[in-house]
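As a plain string of letters, each chain reads:
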Amino acid sequence: MEIHQNFNFIIETLGMVSFSMSGAFAAMQKRLDPFGVLIIAFITSVGGGTIRDLLLDIPVFWIHDLRMCALIFIPAIFAMIFKSIERRFKVTLFIFDSFGLGLFTIVGIQKGLNADLHPFICLTLGTITGCFGGILRDILLNRVPLIFRKEIYATACIIGGSAFLLLAKYTQLSYTFVQVFTILLIVTIRTLSVKYQWQMPKFYGTE
Amino acid sequence: MEIHQNFNFIIETLGMVSFSMSGAFAAMQKRLDPFGVLIIAFITSVGGGTIRDLLLDIPVFWIHDLRMCALIFIPAIFAMIFKSIERRFKVTLFIFDSFGLGLFTIVGIQKGLNADLHPFICLTLGTITGCFGGILRDILLNRVPLIFRKEIYATACIIGGSAFLLLAKYTQLSYTFVQVFTILLIVTIRTLSVKYQWQMPKFYGTE
Amino acid sequence: MEIHQNFNFIIETLGMVSFSMSGAFAAMQKRLDPFGVLIIAFITSVGGGTIRDLLLDIPVFWIHDLRMCALIFIPAIFAMIFKSIERRFKVTLFIFDSFGLGLFTIVGIQKGLNADLHPFICLTLGTITGCFGGILRDILLNRVPLIFRKEIYATACIIGGSAFLLLAKYTQLSYTFVQVFTILLIVTIRTLSVKYQWQMPKFYGTE
């Protein structure tokens, strides 16, 4: 259990750090000033979990926990100082971001299960937790949310989250294994979809 | 009372179904992928009521009720499968959407009255319940919220909601009659305003 | 204490009035109809405080208080009637808006301290209270939030809020003095930055 908790903490940390850096880089690309960059990094990191906690009517996860704020602001400041490293960090960032997406989705589902909600609603909460940080970032920076445009993003959440719910309920596999497997599943779907430019079929529309 | 409850349930169902389909069609027009369409349909359907419940600090209405999710996702999937029927459904959709607007406005006002709030604040809550689903949909799809542009929308909410509050308080008319009348009033204002292209006077501005 | 309370109430009133008028003028510039103008004025005025109260899980400040609604809608209606006075009021408005920003930031921090939160998190809450009304206004009117573009805005909040926390904790100055001083500090930073077109250094990006 101890190891399990530490394991969760490590990956959640990586997820927070990486979402923060992704927000910071997106804001610097839009030429915001340093405080604007901090605000965007903060919202990208906590947005999804905050909406989840408001919906569940539980205390917002960062409001009593200063470590969370450090996990957001320190990487964002780091990103601003070492801005030139963006190119080299791009792949690392993408991996972190995908792990963050995976872990946050699973965390969201677990919080829903803890509140005795129906698995389907837990899946919705997991998707909200994983995706809404990025949606808010894109709205604030005035672009069409990436999630709705190019890459397979929500789809990865939903497939990985469904796998988590099914494996945790109908198999005897260890909980930690199911967690790791579904997180890696989300990361793998994201990575392959970006590498091979997979896209979900889209509807033909007249914009 | 039984009939009254069933009556509410039937129209609320039609409202959810129709907001979901309006979200789905708007998302397909913007060429989102199927999961993007589901997310937009979900947010359009529950957005207004979710903000209302958060403001009232009561449990979010869909979080313990799987039927609500079915009322959102099934019509959205239906809309995706039968996409070609869009043209024929346009009028039906518009009517459903207007009924949804009417019912949701009245539901919002009733929830406010149940919480012993001032009628004026109840009217605000009703307007939020009726309008914010569409506002969120338009923000996520990166267009100026329709509500702020063309048709008489919020105005219909506010007139119908005011009529509901006045008639329920100062007349002896049956509650169900007042409900039906004000819902039909909102639908009628919406329908006539679109048919005859009524617009509220606007302010001359330099955008 | 009595004087202190009254003092808070007077400046908060001025802040609400001024945010409402700033929202109304922004909406009229975008040619919204009168109800659209009211909705934007309402959201600009209460947006920041509402998000703060939701995060703190305390009752939303305007939901039981009709006076607050009057403080929002009456100035907005006034602004619509006397639209032609916009030019003469511009400076007055800017000053009110800056005072509003200052007071709202301090109010946000105080509410955080009352809830026994860490000063750093209180500063975050203060910034949210001061800035999010304007952010929501700009998102709804489909422009890049001004806060992220031109003027020194969040920066003024953060500097003034930090000064408030430091002076209130580490000095023996009277609480009212610290309040007045930090509000004036925020107003001064805003005013000078607009007058002399100060800008924070920005990151070079390729949009």
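Residues numbered from 1 in each chain as written. Chains lettered and ligands numbered in written order. Predicted model: local features only at pLDDT ≥ 70, side-chain atom pairs only at ≥ 80, totals over all residues. Heavy atoms only, no water.

Chain A is annotated in an unreviewed UniProt entry as Glycine transporter domain-containing protein from Bergeyella porcorum. Regarding chain A, the UniProt comment filed under Subcellular location (unreviewed entry) reads as follows: "Cell membrane". On record in UniProt, under Sequence similarities (unreviewed entry), the comment for chain A is "Belongs to the UPF0126 family." (UniProt positions renumbered as here; feature names shortened; annotations may be inferred.)

Okay, the packing of helix H6 (residues 154-170) of chain C against helix H7 (residues 175-195) of chain C next. All names here are of chain C. Between H6 and H7, the shortest axis-to-axis distance is 9 Å and the interhelical angle comes to 160°. Classified by the interaxial angle, the pair formed by H6 and H7 is roughly antiparallel. Seen from above, H6 lies across H7 with right-handed handedness. The residues of H7 that touch H6, namely those facing Ala 156, Cys 157, Ile 159, Gly 160, Ala 163, Phe 164, Leu 167 and Ala 168, are Tyr 175, Val 178, Gln 179, Phe 181, Thr 182, Leu 185, Ile 186, Ile 189 and Arg 190. Each residue belonging to the contact of H6 with H7 can be placed in one class, and the counts come to 13 nonpolar, three polar and one charged. (Axes fitted to C-alpha atoms, helices over the stretch in contact; angles between N-to-C directions. Helix = DSSP H or I, 4+ residues; strand = E, 2+ residues; numbered from the N terminus. Parallel < 35°, antiparallel > 145°, perpendicular 65-115°, else oblique. Left-handed = near helix turned anticlockwise from the far one by under 90°. Contact = heavy atoms within 4.5 Å. Nonpolar A, V, L, I, M, F, W, Y, C, P; charged D, E, K, R; others polar.)

Within the largest apolar cluster, 196 residues are counted, with the highest numbers of intra-cluster contacts made by Trp 62 and Ile 63 of chain A, Trp 62 and Ile 63 of chain B together with Trp 62 and Ile 63 of chain C. Ignoring any residue separated from it by four or fewer positions in sequence, one finds Trp 62 of chain C in contact with Leu 55, Ile 121 and Thr 124 of chain B together with Phe 42, Val 46, Thr 50 and Met 68 of chain C. (Core = buried A, V, L, I, M, F, W, Y, C linked by side-chain atoms within 4.5 Å. Buried < 20%, exposed > 50% of the residue type's maximum accessible area, 1.4 Å probe, protein only.)

Further remarks concern the side chain of Ser 22 of chain A. Turning to its location among the elements, Ser 22 of chain A is positioned in helix H1 (residues 2-29). Ser 22 of chain A gets classed as buried once you look at its relative accessible area, which sits at 15%.

In the numbering used here, UniProt assigns the "transmembrane region" (unreviewed entry) feature to residues 6-28, 35-55, 61-81, 93-111, 117-140, 152-168 and 174-192 of chain A. Structurally, residues 117-140 of chain A comprises 92% helix and 0% strand, and the distance from its first C-alpha atom to its last is 31 Å.

What follows concerns the packing of helix H2 (residues 34-56) of chain A against helix H5 (residues 119-140) of chain A. All names here are of chain A. Close contact between H2 and H5 brings their axes to 7 Å; oriented N to C, the two are set at 140°. The orientation of H2 relative to H5 falls into the category oblique. In the crossing of H2 with H5, the sense of the turn from one axis to the other is right-handed. Along its contact with H2, which presents Ile 40, Ile 43, Thr 44, Gly 47, Gly 48, Gly 49, Ile 51, Arg 52, Leu 55 and Leu 56, the element H5 presents Leu 125, Ile 128, Thr 129, Phe 132, Gly 133, Leu 136, Arg 137 and Leu 140. A per-class count over the contact of H2 with H5 returns 10 nonpolar, six polar and two charged.

Turning our attention to empty space enclosed by the protein. Following the criterion strictly, the structure yields six cavities of 30 Å³ or more and no others. In this structure, the largest cavity occupies an estimated 190 Å³ of space. Considering the residues around the largest cavity, the lining is formed by 21 residues, among which Leu 54 and Asp 57 of chain A, Asp 57 of chain B together with Leu 54 and Asp 57 of chain C are closest to the centre. (1 Å grid on protein atoms, 1.4 Å probe; cavity = no way out; pocket = protein on both sides within 12 Å on 5 of 7 lines; lining within 4 Å. Points joined across faces, edges and corners; volume = space filled by probe spheres on them.)

So, about the packing of aromatic side chains. Both the distance between ring centres and the angle between the ring planes are used here to describe each pair of aromatic rings. Under the definition given, this model contains 18 aromatic pairs over all chains. Measuring from centroid to centroid gives 5.7 Å for Phe 42 of chain A and Phe 73 of chain A, while their planes differ by 5°, and the two rings are stacked. Taken as a pair, Phe 42 of chain A in helix H2 and Phe 73 of chain A in helix H3 (residues 66-81) lie far apart in primary sequence, 31 residues in all. Here Phe 120 of chain B and Phe 73 of chain C contribute two aromatic rings whose centre-to-centre distance is 5.4 Å and whose plane-to-plane angle is 75°, an arrangement assigned as edge-to-face. In this pair, Phe 120 of chain B sits in helix H5 (residues 119-140) while Phe 73 of chain C sits in helix H3 (residues 66-81), so the two residues belong to two different chains. Overall, the relative accessible area of 36% leaves Phe 120 of chain B in the partly exposed class. Classification of Phe 73 of chain C as buried rests on a relative accessible area of 13%. Connected via pairs of aromatic rings, a cluster forms that spans Phe 42, Trp 62 and Phe 73 of chain A together with Phe 120 of chain C. (Phe/Tyr/Trp six-rings, centres within 6.5 Å; stacked < 30°, edge-to-face > 60°.)

Before going further, it helps to spend a moment on the pattern of salt bridges. Counted under the stated rule, the structure contains 12 salt bridges over all chains. Asp 53 of chain B is the salt-bridge partner of Arg 52 of chain B, the closest N and O atoms lying 3.0 Å from each other. For the pair shown, Arg 52 of chain B and Asp 53 of chain B are each scored as buried. Salt-bridge contacts for Arg 67 of chain B lead to Asp 65 of chain B; the nearest nitrogen and oxygen are separated by 3.2 Å. The exposure class of Asp 65 of chain B is buried, given its relative accessible area of 17%. Three or more residues are tied together by salt bridges with common partners; here these are Arg 52, Asp 53 and Lys 111 of chain A. (Salt bridge = Lys/Arg side-chain N within 4 Å of Asp/Glu carboxyl O.)

Time to look at the environment of Phe 104 of chain B. All names here are of chain B. Topologically, Phe 104 is positioned in helix H4 (residues 86-114). By relative accessible area, Phe 104 is classed as buried at 6%. Counting along the chain gives 26 residues from Phe 104 to Gly 130, while the straight-line C-alpha distance between them is 5.0 Å. Excluding anything up to four places from it in sequence, Phe 104 contacts Glu 12, Gly 15, Met 16, Phe 19, Ser 45, Gly 126, Thr 129 and Gly 130.

Count 3.6 residues to each turn of an α-helix, and residues three or four apart come out pointing the same way. Residue and element names in this part refer to chain B. Here helix H7 (residues 175-195) spans 30 Å end to end across 21 residues, near enough to the 30 Å set by a 1.5 Å rise per residue. Here H7 has its buried residues at Val 178, Gln 179, Thr 182, Ile 183, Ile 186, Val 187, Ile 189, Arg 190 and Ser 193. Seen end-on, H7 carries its buried residues on one side only, within an arc spanning 160°. In the stretch just after H7, Gln 197 is the one whose phi turns positive, near 50°. (Expected span 1.5 Å × (residues − 1). Arc of directions from axis to C-beta.)

For the rest of this paragraph, the subject is the environment of Ser 162 of chain B. Following the sequence through the fold, Ser 162 of chain B ends up in helix H6 (residues 154-170). It is 11 Å that separates the C-alpha atoms of Ser 162 of chain B and Leu 185 of chain B, two residues lying 23 residues apart in sequence.

Residues and elements named next belong to chain B. Over its 22 residues, H5 extends 31 Å from the first C-alpha to the last, a length consistent with the 32 Å expected when each residue adds 1.5 Å. At Cys 131, H5 shows its strongest bend, of approximately 45°. In terms of burial, H5 is a largely internal element, 19 of the 22 residues being buried. Immediately beyond the C-terminal end of H5, within one or two residues, lies Asn 142, with a positive phi of roughly 65°. (Bend = angle between axes of the 7 residues up to and from the residue.)

Glancing now at unusual backbone geometry. Residue and element names in this part refer to chain C. The backbone phi angle of Asp 57 is positive, close to 55°, even though this residue is not glycine. With respect to the helices, strands and loops of the structure, Asp 57 is situated in the loop between helix H2 (34-56) and H3. For Asp 116, which is not a glycine, the phi torsion comes out positive at approximately 60°. Along the chain, Asp 116 turns up in the loop between helix H4 (86-114) and helix H5 (119-140). Here Asp 116 falls in the exposed class, since its relative accessible area comes to 69%.

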